Protein chains: 8
Amino acid sequence: MNPDALRKLLAGLRDGDVSIDDALERLRRLPFEDLGFATVDTHRALRCGFPEVIFCPGKTPQQVATITERLLAHDAEVLATRADRAHYDAVLAVRPDAEYHEAARIIACNRKDKPLPEGRVLVVSAGTSDAPVAEEARVTAEVMGNRVDKLYDVGVAGIHRLLQQADHVFDANVLIVVAGMEGALASVVGGLTSRPVIAVPTSIGYGASFGGLAALLAMLNSCASGVCVVNIDNGFGAGYIASLINHTNISDAQT
Amino acid sequence: MNPDALRKLLAGLRDGDVSIDDALERLRRLPFEDLGFATVDTHRALRCGFPEVIFCPGKTPQQVATITERLLAHDAEVLATRADRAHYDAVLAVRPDAEYHEAARIIACNRKDKPLPEGRVLVVSAGTSDAPVAEEARVTAEVMGNRVDKLYDVGVAGIHRLLQQADHVFDANVLIVVAGMEGALASVVGGLTSRPVIAVPTSIGYGASFGGLAALLAMLNSCASGVCVVNIDNGFGAGYIASLINHTNISDAQT
Amino acid sequence: MNPDALRKLLAGLRDGDVSIDDALERLRRLPFEDLGFATVDTHRALRCGFPEVIFCPGKTPQQVATITERLLAHDAEVLATRADRAHYDAVLAVRPDAEYHEAARIIACNRKDKPLPEGRVLVVSAGTSDAPVAEEARVTAEVMGNRVDKLYDVGVAGIHRLLQQADHVFDANVLIVVAGMEGALASVVGGLTSRPVIAVPTSIGYGASFGGLAALLAMLNSCASGVCVVNIDNGFGAGYIASLINHTNISDAQT
Amino acid sequence: MNPDALRKLLAGLRDGDVSIDDALERLRRLPFEDLGFATVDTHRALRCGFPEVIFCPGKTPQQVATITERLLAHDAEVLATRADRAHYDAVLAVRPDAEYHEAARIIACNRKDKPLPEGRVLVVSAGTSDAPVAEEARVTAEVMGNRVDKLYDVGVAGIHRLLQQADHVFDANVLIVVAGMEGALASVVGGLTSRPVIAVPTSIGYGASFGGLAALLAMLNSCASGVCVVNIDNGFGAGYIASLINHTNISDAQT
Amino acid sequence: MNPDALRKLLAGLRDGDVSIDDALERLRRLPFEDLGFATVDTHRALRCGFPEVIFCPGKTPQQVATITERLLAHDAEVLATRADRAHYDAVLAVRPDAEYHEAARIIACNRKDKPLPEGRVLVVSAGTSDAPVAEEARVTAEVMGNRVDKLYDVGVAGIHRLLQQADHVFDANVLIVVAGMEGALASVVGGLTSRPVIAVPTSIGYGASFGGLAALLAMLNSCASGVCVVNIDNGFGAGYIASLINHTNISDAQT
Amino acid sequence: MNPDALRKLLAGLRDGDVSIDDALERLRRLPFEDLGFATVDTHRALRCGFPEVIFCPGKTPQQVATITERLLAHDAEVLATRADRAHYDAVLAVRPDAEYHEAARIIACNRKDKPLPEGRVLVVSAGTSDAPVAEEARVTAEVMGNRVDKLYDVGVAGIHRLLQQADHVFDANVLIVVAGMEGALASVVGGLTSRPVIAVPTSIGYGASFGGLAALLAMLNSCASGVCVVNIDNGFGAGYIASLINHTNISDAQT
Amino acid sequence: MNPDALRKLLAGLRDGDVSIDDALERLRRLPFEDLGFATVDTHRALRCGFPEVIFCPGKTPQQVATITERLLAHDAEVLATRADRAHYDAVLAVRPDAEYHEAARIIACNRKDKPLPEGRVLVVSAGTSDAPVAEEARVTAEVMGNRVDKLYDVGVAGIHRLLQQADHVFDANVLIVVAGMEGALASVVGGLTSRPVIAVPTSIGYGASFGGLAALLAMLNSCASGVCVVNIDNGFGAGYIASLINHTNISDAQT
Amino acid sequence: MNPDALRKLLAGLRDGDVSIDDALERLRRLPFEDLGFATVDTHRALRCGFPEVIFCPGKTPQQVATITERLLAHDAEVLATRADRAHYDAVLAVRPDAEYHEAARIIACNRKDKPLPEGRVLVVSAGTSDAPVAEEARVTAEVMGNRVDKLYDVGVAGIHRLLQQADHVFDANVLIVVAGMEGALASVVGGLTSRPVIAVPTSIGYGASFGGLAALLAMLNSCASGVCVVNIDNGFGAGYIASLINHTNISDAQT
């Protein structure tokens, strides 16, 4: 039942066309109908700028293109993650202005004119092999409307590389730290900043890294207090949360 | 917002005391209010006979007694699991007719006059150490209104003990199999019956039983098709589900 | 020793052709012979409608076809799971009326005229990627003789999609919940219904989902009382148990 | 080397009392001395309001009191977590105005006159047993200078309890979700809000909860996009990060 | 149904007092009755010398004494494992000639006049802390009627201690190797002998021994071919199997 | 240093050509030279009939052929496990009488005229998918010189299939039980026999079987006392140990 | 800021061109600039002989060649691990004197004229399948400037193979032990020598070796005191640490 | 057979009192006798300074005192780890000059006049709770004859504390890094030094630290090349290996 239908029901009641008992019966089911939530979802789009994201693995290029088309009929923006070039080609056919961020494996159809918050998001990564996940985080945050900087390949085995760029660390409003192997970078960055750090363990490593488990456990046990963690290789999730944080207060002022 | 309040709102709308927009605004929040669900909860009590269960560990005897009292103000029945004698003593003070099933560690205040379904629930257990969990399952099912039989200490290392009692296995409508160590009993019973089997792994065992993990994995991988599994040592859950299954059709007829 | 042979032995004893000691000696081995169990197995087919299921992985199309033929010589029905099209083509050659449920990966040769129980089975799934497992559950229950509804793609991140369809949830006699990732859907559905819920964790997810382990553990620890669990991706098992539950009382009346 | 000593060295150089080579030699070691970082640490205190936190387990009451005294000599505020009453009594002796939040197990000596950000932090918890962790999160956020609301005992097995309070969920700027067992509450809350959610798995549960592992994995695999996770039972960490997020932009304006 | 009852049934059939159909009906249930298996169990006692073993943990001294009494009414021998002195005192009251092997934590009431096989069982252990498990294995094998030697404290960090006693290793007919920590001793002994080796991992160790898991995995992966493994700390099981092996052929000649 | 060289050294000492100190110096290193162990190895071949086994995975066909040739130069027999047909073709080129057991994936060049022990080895397996491992065990035991029976496809979900063949179980001197999934068959067989049971978990299964871990843990925790366990899928190891056990006493008489 | 820039700043201060406040401001950032660390890195190259190592997996041949070229512009030496022949061909094009160690999968461009320490590194391995990891360790140590011996295929199942070569074990200054399966070799070698042992678990094995976990845990729990461990299959790391140890004191004398 | 007995045997052979065959027979068993290894063990004591270490847990004070006495009869030094004060009191009774290092839980009876190598051992620890393990490492290295420095409480969350002490890190010849929680300190220290780093994970932490597993995995996956790892909480092992490394070349020169 959508708002219009509800308004009609109420009007019928006011006008005597519907009895109170009939209205009660119809309303009894309301908690399980779509009225309120549709509002909520519109809310979400208004505030974050992104109502819907497509996870491409297991979907055919054609399926991704179809979902994109359907979503764009309602919203101005779409983000598709873990997309390969075949997915992109299919989307291009229905949406010629779609962009493909290859290193991040992301297809984006987004408004470029969104006002950006002042705060900057910084994506820090440990090694060159962590790049795809770091890029997924970076592009996600950027497409959702943030100023994003990056500081790649600054693993703790050569900690001076990180310290040389300390200004970037000090200036960021939200930080994303992407690291595989032992994941120590999250703790070191967490100790340098007083802003929230989103840690992303990656599956980079071999042997006892157990597909990212070593980095995941390390990050969960970080001795730095401002560190929280998302799933292994979940660059998208980190970029998404970072954007939510970076829109704090800003967004409240807008709604 | 309860049904009466809603009826009043609708009357106000019909009578012109409330505008459509005001009504809409109030109804917009309805999906998150209590209207429908209260109905559901009453439903539950009507059909299963047990609206609320108290998990005693971590609660003081006085807390358990207080919750019991509060629940009995609304419902006719209460079940408290993992209760020790101190919990019982406290409950006795507020409810002199409460019963304590010591081996099952259950306190029950339940109606004795419920009609029982024809089908029988059978609790099968592997070893004497599995008894507390088996009893928790048995008493739970009984208090919820079922005819329950038991067949204890029939582990597969002496499979004739089980086969000698095959009549019980054939006659049961729902079966609960409680076993620790390697949990093989669930598969053997599952192969003998064509009725649903609820398997309960117990933490009985040592070394590589890893607190019941061995039995849990074994039961999840059962080669018999009609076996489903609950948490380690969760005798209550097994008894509860067995009762839900055993009331199938019976309960439909009642609502 | 089959019943005929046994009857002949007993007749020989009655007629004096066999001595008591000889009969005793032959009967001493009886617990390990086929007499009673054959009866049991026939029993099973009568009650559940499905005496035998073929698990296709690791079997050649020809092997599946051969087993199908052999089974159909004795029984009226066959179900083959995890079948691909090659398996189906081979089965078609020996059984032209076999059906292939592609999304469910099931080949079925089943009687269409079985009486169906009144109760309905509802298959609920969280995401589009869970569809193959959900379909396996749905088709299994259907082929075994049940009215089955489905409610797909109602994951808890957008819980209104589930609540909008609450009627389906309330009306079902047995529910199957199929979910990967964090498996939270089982607990939410378990909290809405007072009927048994069979939870099926799927291997959908990445990183710390560890092939379905996260969903499995979540479902075993469900805070809703009426939830039991089958193996990861075991849609067939869930459909099978749901059918056993749904035939409760119905089947007792038939035997 | 502190700023004063450095200023003196530079003055000596300007005045010709120190040669360039001597100054170079002393400065060569600067990257490993305390100059810059002391500034950073003061920075931290200025922005977050809390320069230092004491983790009490394994420390004697006297040790906690001594550290408190030493810290208060430099800063206006101290927070001690997982403290028992004996720790508090020892702290009271040196700091009569220290407060003890018993359910949260926190000792706090904090300024009450800090300006609070507009945004509210909401702590949501699943069961009564999760209360100590939830309280640790709540008190931490409060003492660090935030308006904090709570919504306890709204586990997903009775999801209407949560939905009835949806206003709280909609109004919060940052959310902390505390849940043990299957941890499903994080996903449901994450699906209702468009603000960041900090999920805290607790060790509440038994059997296959494996000390909180089940809830931890579930939360890491949440199908809701805005959820990040801290260590099992780490209520303090969640409150700390929530405060960092809630001070976003606000705090920038202050420095 | 025991043999006498069966003989009576057959006589009734022969004499015309029982019809073939009645006999068939009664015999149909035979696979699930006790006829054959009772024989099997007697068989077991005859061949192995031990019909029943009591696992003491979780049983009161009185329970152990009662079970002992009941078992001795039928058999000449009883073995109780993991027994403490209180168990022993209770058993002594009902059976004054019971012996207590303190280091092995075993109570034994056994015949001393059994003929022993020629072959010798050798129990090898790695460290002094493994002694309780090693003794449990040694006493079990001894009480079941075997000549048992021991070679303790010969861990591989000082492999000469083992090699100096190589004669014992060469002379043994069956070997039991008890080791915690890294469990390497099983592979070394397995490489020295051409007789079967029963490896018993112990829970001795700390840190990454994970309660015996390290030794268990090591032994399962032994590069020596003749090594099989029992559960962690299962000295009894190792002694039992070693005795079965050592009675090979010997025992066949006896039955 | 071989025996001849040692004899020469001793003769030189006796004849005064070598001083005691020189001899001592040379003998000091003896513990680390090959004298005694060569004897041991010959011993092994004499007693078990198989001095060396080739594990084929990771070896080229040519490498397997070369090792075979080299081994046959010293011994009469060779066994190569996990061999594919390409390995066999290469071996055939150097050894035309080599045999290939396809289902067991074993290449064997063995003496056919070995005297066999009286006792029989029985290989029991649960499902058709366990066949390759069961065959590896069976052929290994056979080639090492044993009478071997098999009892396949008798999983516990249809336990009558096993009980119908109880004679085989009773008659066996050593039993090998091969099972994946929940591995319950080992416990059931262990409860029927009083002879040693070698349990082989297989990696057959899916989901929570975790590559055979479920069956492995189940078998280690077997409630039947005479069960020991080898590595997952290690059919060769089981056949090898079964042969060692079956040659007990027999072999002692031969040496 | 490099030393020259710093000298210039100090001269400006001395000459009155820079105020003390300006100098302070610039120096405040020094802890995060490159001054000291560049020195450290040169230090490293001077002492160990290897400033940089390329991990090839995931890099294209062209990328490896480009990195090699860039590194050689600054240093005299490069080591690339886990390289295949395609990587080597690309490197050859830019550096014709590069060498490829095929079994070790290492490309090396190294000075041959480095002075070698007196001490010898010994690489011991258990089985033929461990060779690639052992070779990686051996070549790494050799290229870094060490005398390296090897002792391969001396697993503990035939411990005489190791003891026959005890001289090598006694003579080594540092030992690397490479073993899969149960990893027992590390403990045995650790018990024979009084020099440090670097243990490298390999992923060789199947079933319950769990990709090298069994060997890893065994080595961490070694009963021999002088054993430390690196990651599974990390031959490079072991060779690198062995070289650091072997250059002890030697290198101190050089700096 | 000790050297004297061997010399006597050889003299008997030279003098014609023993035949060559008799000598051969006695020598055939030599590989398994004590000749060579006794020498090795003396060797060990000479080079490392510590022939034997007592692990106290599970031993009574009297047992520790007795072993101490027996060891001191042969050697000048004893080290007992994980000792409590009761152990110390018992040792004092037999050895009044024994010392007790309380924080390290070590009892030592050691020569104070050993020459020390020039190189220094540095023990670095992350948090105050890691102190007992760090002290165990420090005291072990000191008692074995090394100059040892310590740098405690320099966890990476405040990395300036470590960098301020960089001189100590640069000056050390061998480093021990002790850290619980996420264990990141090992990687940071490993990146600062070009000397070997022994990493000791501790069981400090809670929740997903899983008793030290998080730190252990992190250290095994360290991105710094010169890091090797010992068992969780194994401070003694780290001190022991550090001493072996620190005596490199020095010790060779001494023997």
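Not measured: the values here are computed from a predicted model.

Calculation criteria
All residue numbers refer to position in the chain's written sequence, counted from 1. Each chain is given a letter, starting from A, and each ligand a number, starting from 1, according to the order in which they appear as written. In keeping with the predicted nature of the model, local features appear solely for residues at pLDDT of at least 70, side-chain atom pairs appear and are counted solely at 80 or more, and the whole-chain, interface and lining totals rest on all residues. Values reported for side chains reflect all heavy atoms of the structure, with hydrogen atoms and water molecules removed beforehand. Secondary structure elements are defined from DSSP: runs of H or I of at least 4 residues count as helices, runs of E of at least 2 residues count as strands, and each element is numbered from the N terminus. Pairs of residues are marked as contacts when any of their non-hydrogen atoms sit within 4.5 Å. We get accessible surface area from the Shrake-Rupley algorithm with a probe of 1.4 Å; when it comes to residues, only the shown protein chains can shield them. For each residue, the accessible area found with a 1.4 Å probe, counting protein chains only, is set against the maximum for its type, and the residue is called buried under 20%, exposed over 50%, and partly exposed in between. Whether two strands pair depends on DSSP finding at least two bridges between them. Salt bridge, as used here, is a side-chain nitrogen of Lys or Arg placed within 4 Å of a carboxyl oxygen of Asp or Glu. What counts as a ring pair is set by centres within 6.5 Å for rings of Phe, Tyr and Trp (its six-membered ring), and what kind of pair is set by the plane angle: stacked under 30 degrees, edge-to-face over 60, tilted for all other angles. Given the number of residues in a helix, its expected span is that number minus one, multiplied by 1.5 Å. The definition of a polar contact used here is a pair of N or O atoms within 3.5 Å, where within protein one atom must be able to donate a hydrogen and the other to accept one, and adjacent residues in sequence count solely through side-chain atom pairs. The convention used is that axes are lines fitted to C-alpha atoms, helices contributing only their stretch in contact, and that angles between N-to-C directions extend from 0 to 180 degrees. In this scheme the crossing of two helices becomes right-handed for a clockwise turn of the near helix relative to the far one and left-handed for an anticlockwise turn of less than a right angle. By the convention adopted, Pro, Cys, Tyr, Trp, Phe, Met, Ile, Leu, Val and Ala count as nonpolar, Lys, Arg, Asp and Glu as charged, and the other residues, Gly among them, as polar. One confidence number per residue, pLDDT, is output by the predictor and ranges from 0 to 100.

Colleague: Tell me what's going on with the overall build of chain A, and back it up with residues and numbers.
Modeller: When helices and strands are counted, chain A shows 12 helices and nine strands. In chain A, the share of contacts with a sequence separation of at least 24, taken over all contacts with a separation of at least 6, comes to 68%. As displayed, chain A has an accessible area near 8900 Å², and 50% of this comes from carbon and sulfur atoms.

Colleague: Describe the pairing of strand S2 (residues 78-81) of chain H, and please don't skip the residues or the numbers.
Modeller: All names here are of chain H. Here S2 shows two buried faces, one formed by Val-78 and Ala-80 and the other by Leu-79 and Thr-81. Bridge count between strand S1 (residues 53-55) and S2: three bridges; the pairing is parallel. Residue pairing across strands places Val-53 opposite Leu-79, the latter belonging to S2. With three bridges connecting them, S2 and strand S4 (residues 106-109) associate as antiparallel partners. In the strand pairing of S4, Ala-80 is matched with Ile-107.

Colleague: Mind laying out the pattern of salt bridges, listing which residues take part and the relevant values?
Modeller: Scanning the model with the defined rule gives 98 salt bridges over all chains in all. Residues Arg-138 of chain B and Glu-142 of chain B are paired through a salt bridge, measuring 3.2 Å at the closest nitrogen-oxygen approach. Linking Arg-138 of chain B with Glu-142 of chain B, this pair stays in helix H6 (residues 131-143), spanning four residues, or about one helical turn. For Arg-138 of chain B, a relative accessible area of 16% translates into the label buried. Counted as one network, the salt bridges with shared partners bring together Glu-135, Arg-138, Glu-142 and Lys-150 of chain A.

Colleague: Mind laying out the packing of aromatic side chains, listing which residues take part and the relevant values?
Modeller: What the rule picks out here adds up to 24 aromatic pairs over all chains. Taken together, a centroid distance of 5.6 Å and an interplanar angle of 55 degrees make the contact between Phe-236 of chain B and Tyr-240 of chain B tilted. With Phe-236 of chain B and Tyr-240 of chain B both in helix H11 (residues 235-246) and four residues apart, this pair spans about one turn of that helix. Judged by relative accessible area, which is 11%, Phe-236 of chain B ranks as buried. Measuring from centroid to centroid gives 5.0 Å for Tyr-88 of chain E and Tyr-100 of chain E, while their planes differ by 20 degrees, and the two rings are stacked.

Colleague: Quick one: what's the story with the environment of Ser-225 of chain G, residue by residue and with numbers?
Modeller: Relative to the elements of secondary structure, Ser-225 of chain G occurs in the loop between helix H10 (213-220) and strand S9 (227-229). Residue class for Ser-225 of chain G comes out partly exposed when judged on its relative accessible area of 30%. On a C-alpha basis, the gap between Ser-225 of chain G and Ala-157 of chain G in space is 22 Å, while along the polypeptide they are 68 residues apart. Sequence-distant contacts of Ser-225 of chain G, that is, excluding residues within four places in its chain, are made with Phe-236, Gly-237, Tyr-240 and Ile-241 of chain H.

Colleague: Before we move on, can you summarise helix H6 (residues 131-143) of chain A with the specific residues and values?
Modeller: Residue and element names in this part refer to chain A. The end-to-end C-alpha distance of H6, which contains 13 residues, comes to 18 Å, matching closely the 18 Å that a straight helix rising 1.5 Å per residue would cover. Every buried residue belonging to H6 is among Val-133, Ala-134, Glu-135, Glu-136, Ala-137, Arg-138, Val-139, Thr-140, Ala-141 and Val-143, and all of these are buried. With its phi angle positive at about 95 degrees, Gly-145 sits one or two positions after the end of H6.

Colleague: So, the side chain of Thr-140 of chain E: which residues are in play, and what are the values?
Modeller: Residues and elements named next belong to chain E. Assignment of secondary structure puts Thr-140 in helix H6 (residues 131-143). A polar contact is formed between the side chain of Thr-140 and the backbone oxygen of Glu-136, at a distance of 2.6 Å. Ignoring sequence-local partners within four residues, the contact set of Thr-140 consists of Leu-79, Ile-106, Phe-236, Gly-239 and Tyr-240.

Colleague: So what's going on with the sheet that holds strand S3 (residues 99-101) of chain F? Which residues, and what values?
Modeller: Residues and elements named next belong to chain F. Spatial strand order, S1-S2-S4-S3: four strands in an open sheet with mixed pairing. Strand pairing shows two members of the sheet lacking a second neighbour, strand S1 (53-55) and S3, which therefore form its edges. Looking at each pair of strands side by side, their axes are set apart by 20 degrees on average, direction ignored. This element, helix H6 (residues 131-143), spans strand S2 (78-81), S3 and strand S4 (106-109) of the sheet and lies at about 5 degrees to S4.

Colleague: Quick one: what's the story with the packing of helix H6 (residues 131-143) of chain H against helix H11 (residues 235-246) of chain H, residue by residue and with numbers?
Modeller: All names here are of chain H. Taken N-terminus to C-terminus, the directions of H6 and H11 make an angle of 35 degrees; their axes are 7 Å apart at the nearest point. Here H6 and H11 pass one another in a crossing that is right-handed. Touching Val-133, Glu-136, Ala-137, Thr-140 and Ala-141 of H6 are Gly-235, Phe-236, Gly-239 and Tyr-240, all from H11. Looking at side-chain class alone, the contact of H6 with H11 contains five nonpolar, three polar and one charged residues.

Colleague: Kindly report on helix H9 (residues 185-192) of chain B, identifying the contributing residues and their values.
Modeller: H9 of chain B sits mainly inside the fold: eight of its eight residues count as buried. Of the positions making up H9 of chain B, those classed as buried are Leu-185, Ala-186, Ser-187, Val-188, Val-189, Gly-190, Gly-191 and Leu-192 of chain B.

Colleague: Go over the environment of Gln-164 of chain B with me, naming the residues and quoting the values.
Modeller: Residues and elements named next belong to chain B. Along the polypeptide, Gln-164 turns up in the loop between helix H7 (160-163) and helix H8 (166-171). Residue classification places Gln-164 among the partly exposed residues on the basis of a relative accessible area of 31%. Taking the C-alpha atoms as reference, Gln-164 lies 9.8 Å from Val-154; in sequence the two are 10 residues apart.

Colleague: Just give me the short version of unusual backbone geometry, but keep the residues and values in it.
Modeller: Of all residues except glycine, most have a negative phi; of all peptide bonds, most are trans. At Phe-210 of chain G, a position not held by glycine, the phi torsion is positive, near 45 degrees. Although it is not a glycine, Asp-153 of chain H sits at a positive phi angle of roughly 65 degrees. Its location among the elements puts Asp-153 of chain H in the loop between strand S6 (147-151) and helix H7 (160-163). By relative accessible area, Asp-153 of chain H is classed as partly exposed at 33%.

Colleague: Talk me through the sheet that holds strand S3 (residues 99-101) of chain C; I want residue IDs and the actual numbers.
Modeller: Residues and elements named next belong to chain C. Read across the open sheet, the four strands follow the order S1-S2-S4-S3; overall the sheet is mixed. Single-partner strands in this sheet number two, and they are strand S1 (53-55) and S3. Neighbour-to-neighbour, the strand axes of the sheet open up by a mean angle of 20 degrees, direction not taken into account. For S3 and strand S4 (residues 106-109), the ladder comprises three bridges, and the chain directions are antiparallel. Across the sheet, residue His-101 finds its bridge partner in S4, namely Ile-106.

Colleague: So what about the confidence of the model for chain A? Which residues, and what values?
Modeller: Residue and element names in this part refer to chain A. Residue-level pLDDT values for chain A average 83, and 83% of them are 70 or greater. Every residue in residues 29-49 scores below 50 in pLDDT, and together they form 64 contacts with partners more than four places removed in sequence or on other chains. In this model residues 250-255 is a low-confidence stretch, pLDDT under 50, and it forms nine contacts with partners more than four residues away in sequence or in other chains. Interface scoring of the predicted complex returns ipTM 0.82; its pTM is 0.86.

Colleague: Which residues make up the side chain of Glu-135 of chain D, and what values go with them?
Modeller: Its place among the elements puts Glu-135 of chain D in helix H6 (residues 131-143). Those residues in contact with Glu-135 of chain D that sit more than four places away from it in its chain are Ala-103, Ala-104, Lys-150 and Tyr-152 of chain D.

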